[in-house]
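Analysis of the macromolecular model
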Amino acid sequence: MNWVWFHKLASPPTAYAFARTLRPWLLWPSLSMMLWAGYAALFVVPPDYQQLDAYRIIFVHVPAASLSLMVYSIMAIAAGIGLIWRMKLAHAVAAACVLPGSVFTVLALVTGAIWGKPMWGAWWAWDPRLTTELILLFLYLGYMALRASFDDIGRADRAAAVLALVGLVNIPIIKYSVVWWNSLHQGKTLSIWGKSSIDPSMVMPLLVMLLAFVMFFGAILCDGLCAQILRRERHAQWLTKQVQ
Amino acid sequence: MTPRQRRMIFVGLILLAVSAAAGFLLTALNSNVQYNIVPSDVSAGKAPKGRTFRLGGMVEQGSVKREPGNLQIQFVITDFAHEVTVRYTGVLPDLFREGQGVVVRGKLVYSTDLEKGQWLMLADEVLAKHDENYMPPNVAESLKKTHDVRRMQETSTSPAPVITP
Amino acid sequence: MMSTAAFQMGKYGIYVWSCYGLTMVGLVFLIFVVRRQWQIELRHAKRRMQIMEQQQTSVSDVHT
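Residues numbered from 1 in each chain as written. Chains lettered and ligands numbered in written order. Predicted model: local features only at pLDDT ≥ 70, side-chain atom pairs only at ≥ 80, totals over all residues. Heavy atoms only, no water.

**Some thoughts on the overall build of chain B**
When helices and strands are counted, chain B shows 3 helices and 6 strands. Mapped in sequence order, the helices and strands of chain B form the string α-α-β-β-β-β-β-β-α. Of all 165 residues assigned to chain B, the portion counted as buried reaches 34%. Once local pairs closer than 6 in sequence are excluded, the contacts in chain B between residues at least 24 apart make up 50%. Of the roughly 10,400 Å² of accessible surface on chain B, 58% is carried by carbon and sulfur atoms. (Helix = DSSP H or I, 4+ residues; strand = E, 2+ residues; numbered from the N terminus. Buried < 20%, exposed > 50% of the residue type's maximum accessible area, 1.4 Å probe, protein only. Contact = heavy atoms within 4.5 Å. Areas by Shrake-Rupley, 256 points an atom, 1.4 Å probe, with all protein chains shown as cover.)

What follows is the structure, given as structure tokens:
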């Protein structure tokens, strides 16, 4: 197998240039998709037979929650690659994941609470799904704090990577918590392989919003990665060309 | 062994150790603490005595009784095998209705003057559950109709042998 | 013309709109904060380049 393209992309100058080119191609389509999906979710799709208009929160809650899990998985895998292959760029990716990841987690928790109040009757319950998602937020915050407590960026990378890998075990627990325990939180709505439990007339805005969130995260990752590369490559020669 | 292989084993060991620990913890949790206790557990004497706990089940059809003039309400929770009567004062969630899944938190007392069973739950919180099915009202209506029709056909032809193609 | 009923959503308007509003705030926050992080690093890098250039020219001045 030919890994030349990978090594090329993994070199900081190429990655930097690639991220700068890629960012607008992710950000603007993502924002227009969000606009369309948000309009459709609020005004076009019919209300739910049980929850009436309150279910419209799902169109922001599910994408935020999915991304909180996805971003953590990317962060932990990047951290693992950085740890094994001593790849600086992988550590830079992991470091750029933590801020968007924690924002998505906060959004999932807050929109969930606002949805829970009128439907369940409580802002918060110590339900398995809710509790494990809260642990995910603490993992993100712990990762940030651990990183900030080291002056040496290499040591910060390695310590944070171990934490990210340890926390990875939480991800399948969050995902399957609604299957393993008979809890307050309902089961999954979207299914890639099977049939989704949301009516076809409502599913399109949800899928578009989910894709838009993924692309949005990509755009944010581009900027965050560039900031990380500049911080790590401060004495490199190639910077002169990129900066000017 | 190259340093890279050593680091690979190190990462593998972290993942293995943590998932093993989580696995043990989860199986221990699963057998000891259930999130919801169901009415069958209560009648089997498995519910905690004199302590607040959560009881889950379905609100039985036709069992909701409201006290006129105040917010007191009484209803029966069933798991289709056993029943527990619940008494609660306060605002109910919007999804609370007969036939709906609920989780109530409160203390259990023994009572002999109940219509169903001997267990009375004095609840201080009532949460309504909903499922993951989202559909417009007209779809739900037609689904219900076809379901009812199918059920009627099934009951009317129930003794008929099942012919497999 | 959209009716106000579409905005009120029965009694759930406040819940739905606050969710969408907070999500928008979170996403806009991410765009600006992360972009700012990059711009700050870029400014630092530029300043370092300038200092390095100045040092190089001053060194060459001494030698000539």
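**Here's the deal with the interface of chain A and chain B**
Facing the 42 residues of chain A at the interface are 36 residues of chain B. Counting each side, the surface lost to burial between chain A and chain B is near 3,500 Å², with a carbon and sulfur contribution of 63%. Joining chain A to chain B, the criterion identifies 0 salt bridges. Counting the contacts that link chain A with chain B gives 13 residue pairs in polar contact (both at pLDDT 80 or more). Among the elements of the structure, α3 (58-85), α4 (88-119), α6 (153-167), α7 (170-180) and α8 (200-232) of chain A are those that each provide at least two residues to the side of chain A that touches chain B. In terms of residue count, the dominant contributor to the side of chain A that touches chain B is α3(A) (4 residues). Class assignment of the residues belonging to the side of chain A that touches chain B gives a composition of 27 nonpolar, 10 polar and 5 charged. (Buried area = accessible area lost by both parts, 1.4 Å probe. Salt bridge = Lys/Arg side-chain N within 4 Å of Asp/Glu carboxyl O. Polar contact = N/O pair within 3.5 Å; in protein donor to acceptor, adjacent residues only side chain to side chain. Nonpolar A, V, L, I, M, F, W, Y, C, P; charged D, E, K, R; others polar.)

**Considering the packing of α4(A) against α8(A)**
All names here are of chain A. The N-to-C vectors of α4 and α8 enclose an angle of 130°; their axes lie 8 Å apart at closest approach. Relative to α8, α4 is oriented oblique. Note on packing geometry: the crossing formed by α4 with α8 is right-handed. Residues Lys-88, Leu-89, His-91, Ala-92, Val-93, Ala-95, Ala-96, Cys-97, Pro-100 and Phe-104 of α4 pack against Phe-213, Phe-216, Phe-217, Ile-220, Leu-221, Gly-224, Leu-225, Gln-228, Ile-229 and Arg-232 of α8. Residue composition of the contact of α4 with α8, by class: 15 nonpolar, 3 polar and 2 charged. (Axes fitted to C-alpha atoms, helices over the stretch in contact; angles between N-to-C directions. Parallel < 35°, antiparallel > 145°, perpendicular 65-115°, else oblique. Left-handed = near helix turned anticlockwise from the far one by under 90°.)

**A few points about the pattern of salt bridges**
Going through the model one piece at a time under the given rule, you end up with 10 salt bridges over all chains. Of the charged contacts, one joins Asp157(A) and Arg147(A) as a salt bridge, the two residues approaching to 2.9 Å between their closest N and O atoms. Here Arg147(A) lies in helix α5 (residues 128-148) and Asp157(A) lies in helix α6, a separation of 10 residues in the sequence. As a salt-bridge pair, Glu41(C) and Arg231(A) come within 2.8 Å of each other at their nearest N and O atoms. With Glu41(C) in helix α2 (residues 13-63) and Arg231(A) in helix α8, this pair bridges two chains.

**Some details on α5(A)**
Residues and elements named next belong to chain A. Counted at 1.5 Å a residue, the expected span for α5 with its 21 residues is 30 Å, and the 30 Å between its end C-alpha atoms agrees. Listed in full, the buried residues belonging to α5 are Pro-128, Arg-129, Leu-130, Thr-132, Glu-133, Leu-134, Leu-136, Leu-137, Leu-139, Tyr-140, Tyr-143 and Arg-147. Turning to α5, the residues buried within the fold contact α3, α4, α6, α7 and α8. Backbone nitrogen of Arg-129 and a side-chain oxygen of the N-cap are separated by 2.9 Å at the start of α5; the cap is Asp-127. (Expected span 1.5 Å × (residues − 1).)

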